[in-house]
Amino acid sequence: MRAPAGTQVFCRVDTRQHLHGAAVYDKDSSILATEQFPTIRLGYLTLIAWLRGFGDLERARVECTGSYRAALARLFAREGIPVFEVTHPEKGLR
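I will try to describe carefully the structure that is included in this document. (Residues numbered from 1 in each chain as written. Predicted model: local features only at pLDDT ≥ 70, side-chain atom pairs only at ≥ 80, totals over all residues. Heavy atoms only, no water.)

Throughout the structure, instances matching the rule amount to 2 aromatic pairs. Here the aromatic rings of Phe 37 and Trp 50 are separated by 5.4 Å at their centres, their planes lie at 55°, and the arrangement is tilted. Here Trp 50 lies in helix 1 (residues 41-52) and Phe 37 lies in strand 3 (residues 31-38), a separation of 13 residues in the sequence. Classification of Phe 37 by relative accessible area gives buried; the value is 6%. (Phe/Tyr/Trp six-rings, centres within 6.5 Å; stacked < 30°, edge-to-face > 60°. Helix = DSSP H or I, 4+ residues; strand = E, 2+ residues; numbered from the N terminus. Buried < 20%, exposed > 50% of the residue type's maximum accessible area, 1.4 Å probe, protein only.)

Quick look at the structure:
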């Protein structure tokens, strides 16, 4: 279901080897929904379509787990979605 025109949404994706977990937020940082998608091209395209179903996707935050985020980040960029990659400090520094 498409949100009203002009509705801004944002997403966070936690990347993993076989499934990426996604959350979509509104402008007030309220979680609208969460879902998991397989780490294949069709899964990435389904993820983007799912996110866009909530409104105008303004940006994506991708939490890095090694190279698992690379293909998804490239696809977001090709789709014109600004991508912010979030890294975590090394385990020894946490």
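Our next topic: the side chain of Thr 15. Considering the arrangement of structural elements, one finds Thr 15 in the loop between strand 1 (8-14) and strand 2 (19-26). The exposure class of Thr 15 is buried, given its relative accessible area of 0%. Within polar-contact distance, the side chain of Thr 15 engages the backbone oxygen of Glu 63 at 2.9 Å. (Polar contact = N/O pair within 3.5 Å; in protein donor to acceptor, adjacent residues only side chain to side chain.)

If you trace the backbone, Pro 82 turns up in the loop between helix 2 (70-78) and strand 5 (83-86). Taking the C-alpha atoms as reference points, Pro 82 and Leu 57, 25 residues apart in sequence, are found 9.1 Å from one another. Apart from the residues within four sequence positions on either side, Pro 82 is in contact with Glu 58, Arg 59 and Ala 60. (Contact = heavy atoms within 4.5 Å.)

Among the nonpolar cores identified, the biggest contains 19 residues, and Cys 11, Val 13, Leu 47, Trp 50, Leu 51, Leu 57 and Phe 76 are the most heavily contacted of them. Counting residues per element, the ones that place at least two in this core are strand 1, strand 2, strand 3, helix 1, strand 4 (56-63) and helix 2. Broken down by element, the residue count for this core peaks at 5 residues, all from helix 1. (Core = buried A, V, L, I, M, F, W, Y, C linked by side-chain atoms within 4.5 Å.)

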